[in-house]
Amino acid sequence: MLGLLNELRCHEVWPLYFLPLALLPWWIKAEAQFQYPSISMIPHDPFSIWVERIWRISATLLITSLLLAMCKPYLAEQKVDRYGNGAHIMVVLDRSGSMNDDFADRPEQGSASKMAAARRVLTEFTENSRQDLIGMITFSTSPMLVAALGNDRKAVLSGLSATEAGGMGFTAVDKGLAMALDFFEGKPVTGSRVVLLVSDGAAHLDAKTQDFLRNGFVRQQASLFWIYLRSKNGASLNEKLAEDDDQAAPEYALNQYFQTLGVPYQAYMAEDPSQVKAAMQSIAKLKNKPVKYQEVIARKDIGYLCYMTALLATVVMFGLYLTEVRTWRINTIGK
Amino acid sequence: MEAFHYHIAWRSHGGRVGGHPTKITGGHADFNAHVPLMQNFNPKRIDLRASLKTVPKQLMVRTFHERYAIQAYAVVDMSTSMNFVGQQHKWQLSTEIVQAIAWSAICNGDTFGCVAADDSLRMDVYEPSTHRAAVVDDIASKMRSVQFTQPVGIKALPRVNELLPTRRSLVFLISDFYMGEALLTQSLQNLTAHDVVPIVIWDSAEINELPDWGWMRVNDMEGNGTRSVFLRPALKKAIQHAYHARQQRLTQLFTSAGIRSPFFVLNQFHSEAMTQHMLEDSGC
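The paragraphs below set out a description of the structure included in this document. (Residues numbered from 1 in each chain as written. Chains lettered and ligands numbered in written order. Predicted model: local features only at pLDDT ≥ 70, side-chain atom pairs only at ≥ 80, totals over all residues.)

1. Topic: the overall build of chain B
We apply this condition: Here a helix means four or more residues in a row that DSSP labels H or I, a strand means two or more in a row labelled E, and each is numbered from the N terminus. The burial label depends on the number of other C-beta atoms within 10 Å of a residue's C-beta. Counts of 20 or more mean buried, 12 or fewer mean exposed, and intermediate counts mean partly exposed, with C-beta atoms placed from the backbone. Two residues qualify as a contact pair if the distance between their C-beta atoms, derived from the backbone, is within 7 Å.
Along chain B, the regular secondary structure elements total 7 helices and 10 strands. Considering chain B as a whole, with its 284 residues, one finds that 40% of them fall into the buried category. Of the contacts formed within chain B by residues at least 6 apart in sequence, a portion of 74% connects residues at least 24 apart.

The structure is reproduced here in structure tokens:
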């Protein structure tokens, strides 16, 4: 609670100079008063005295809270340490043109495209992993940041729904992975780090890039999961093509390379939407480790509290005003 | 304006011939004693029956006490609380009462005088003792022209005997009797030479006819500050109780000071009730 007070800020200070006005209700005597011959005849009544006090306190409260409201107070942005079970997950989603195709290689009416399947499963995954930190990057020819690593689920979900626009371009896996690794850079390792690559193809990585990525994974201690959305007649990750041509079947080469990274690596070959789901479920089981993260709470306007108080004070004062005696039985004067 | 009758149980000492018993021998109203004829040579009053009872025989004469007039005074409280307007204007009511006293006194052959006091003695409402019948109108016009401005109390009440004669008089003390007990006791002590009739003027608006519910801020008319009063049946009852207790306390105070019991006037002055009160309790 005291911590909250430390975060209290206000936009304006000048209304506070008028705070002495709050003493006004204790000075004024200009109230409707009845003349009574001798108040010594009226018995001492604490309730009446408190009614009077409550009236004055309400008036003071009204003035004070309105002045405070004029200061536009707010609670500053705060960072709160949170603990949970989960992982730091960077989703690296392929948005290349081929993702628009369905698993059967030819888009058919009503069938799910690979992108749609990935989207649906990722959405579900995001919604269910309440204590994970999730970030998302989409890549085609070049990577694009959708949501930085954090627990802002909404950003990830809106990023996912934005993929409905359809993919385009090539598959630049290396750039996407490099960007994902960048988000782990310089942050404390408070949970297991996972890079979740969702793609339907791969690209050839040259030796320099391979070294760069290997260094990155080792330094960030990030594990890698690859969900390979395999088309019916797409290349297998495990079967080496006879031609021994990396360029022709980059998926196999990439899988081989990932296995040499020196960090935990798992590849899932998904050939239809249900397999994608199964793959995601096995990942969800793997990543449960205690996570410490900081949640940012946006700054909060608390002027409404002042207005509520002012309203309350006004209601009290108005109520007392309504109970006030207007006429005393002196209607027979001058008879 | 109706006159009321009053009767005193004490004997006055001289003055002018009037209607009240005295200790002065003379006249033919109140029988005093049988005395020998030679002591009071008044053959008209020879009492043969008393003469025959004497041994040795001598002529006896009846003697009587003279009836003289007394001085009646109205002592009026002029504190601001007398300006209260409820069912009646208290000041107007006291003017009526003073007029009734004056008229009764004049009709009775007594003199009438008026002394008024607030925090000081009020000479503008002072009326010296007189037999003039016109005093009834004089005092009424004096009292009607009074303007209440500043809130004042009645601190000069113990000093009213400065304007009263030393001879025992009939003093009507007209007030609402809201003053402190010390002041009242002292005033009554200073008035012990006189036959004091307290007349308490209260108004039902200040006692019974307060609203049942509601918040009112009341201002003391004698400048003793303000008070917040949240009226509700319980508090109203407590106020009525307070007045009842005050009534009993006043009666007790007057009795212990050795003067007549007070005459309570609520809203209206009835001269018959006043007559009744004066006859029932004719003072010591």
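2. Side note on the sheet that holds strand E9 (residues 226–231) of chain B
For the record, the criterion: Strand pairing is defined by DSSP finding a minimum of two bridges between the two strands. To get an axis, fit a line to the C-alpha atoms, keeping to the stretch in contact for a helix; angles then go from 0 to 180 degrees between the N-to-C directions.
What the 3 strands build is an open sheet, ordered E2(A)-E8(B)-E9(B); its pairing is mixed. With one partner strand each, in any of the chains shown, strand E2 (33–36) of chain A together with E9 of chain B form the two edges of the open sheet. Geometrically, the sheet is characterised by an average inter-axis angle of 40° between neighbouring strands, direction not taken into account. Bridge count between E2 of chain A and strand E8 (residues 214–220) of chain B: 4 bridges; the pairing is parallel. Bridge assignment links Tyr36 of chain A to a residue of E8 of chain B, and that residue is Asp220 of chain B.

3. Here we look at the sheet that holds strand E7 (residues 195–202) of chain B
All names here are of chain B. Taken in spatial order, the 6 strands make up an open sheet running E5-E4-E3-E6-E7-E10, and their pairing is mixed. Among the strands making up the open sheet, the edge pair consists of strand E5 (121–130) and strand E10 (263–266). Averaged over neighbouring strand pairs, the angle between their axes works out to 20° when direction is ignored. Pairing between E7 and E10: 4 bridges, direction parallel. The partner of Trp202 across the bridge, within E10, is Leu266. Running over the sheet, helix H3 (residues 135–144) touches strand E4 (111–117) and E5 and is turned about 175° from E5.

4. A few points about the pairing of strand E3 (residues 71–77) of chain B
All names here are of chain B. Within E3, 7 of the 7 residues are buried, which leaves it mostly tucked inside the rest of the structure. By the alternation rule, side chains of E3 split into Gln71, Tyr73, Val75 and Asp77 and Ala72, Ala74 and Val76, which are all buried. In the sheet, E3 pairs with E4 via 7 bridges, with the strands oriented parallel. Residue pairing across strands places Ala72 opposite Phe112, the latter belonging to E4.

5. Concerning the nonpolar core
Which entries qualify depends on this criterion: Put simply, a nonpolar core is a cluster of buried Ala, Val, Leu, Ile, Met, Phe, Trp, Tyr and Cys residues tied together by C-beta atoms within 7 Å.
Counting 72 residues, the largest nonpolar core has Val75, Val98, Ile101, Ala102, Phe172, Ile174 and Ile199 of chain B as its most contacted members. For this core, the element with the most residues is helix H2 (residues 90–107) of chain B, which contributes 10 residues. Discounting residues that sit within four places of it in the chain, Ile199 of chain B has contacts with Ile97, Phe172, Leu173, Ile174, Phe263 and Val265 of chain B. By size, the runner-up hydrophobic cluster in this structure holds 54 residues, among which are Ile89, Val156, Val195 and Leu196 of chain A.

6. Details of the packing of helix H6 (residues 173–182) of chain A against helix H7 (residues 207–220) of chain A
Residues and elements named next belong to chain A. Quick reminder of the rule: When an angle is under 35 degrees it counts as roughly parallel; over 145 it counts as roughly antiparallel; between 65 and 115 it counts as roughly perpendicular; any other value is oblique. Throughout, a crossing is termed right-handed when the near helix is turned clockwise from the far one, and left-handed when it is turned anticlockwise from it by less than a right angle. Note on residue classes: Ala, Val, Leu, Ile, Met, Phe, Trp, Tyr, Cys and Pro are nonpolar, Asp, Glu, Lys and Arg are charged, and everything else, Gly too, is polar.
Running from amino to carboxyl end, H6 crosses H7 at an angle of 25°, the nearest separation of the two axes being 10 Å. With respect to their mutual orientation, H6 and H7 come out roughly parallel. In this structure, H6 crosses over H7, and the sense of that crossing is left-handed. The segment H6 lies against H7, with Asp174, Leu177, Ala178 and Leu181 engaging Thr209, Leu213, Gly216, Phe217 and Gln220. A class-by-class count of the residues in the contact of H6 with H7 yields 5 nonpolar, 3 polar and 1 charged.

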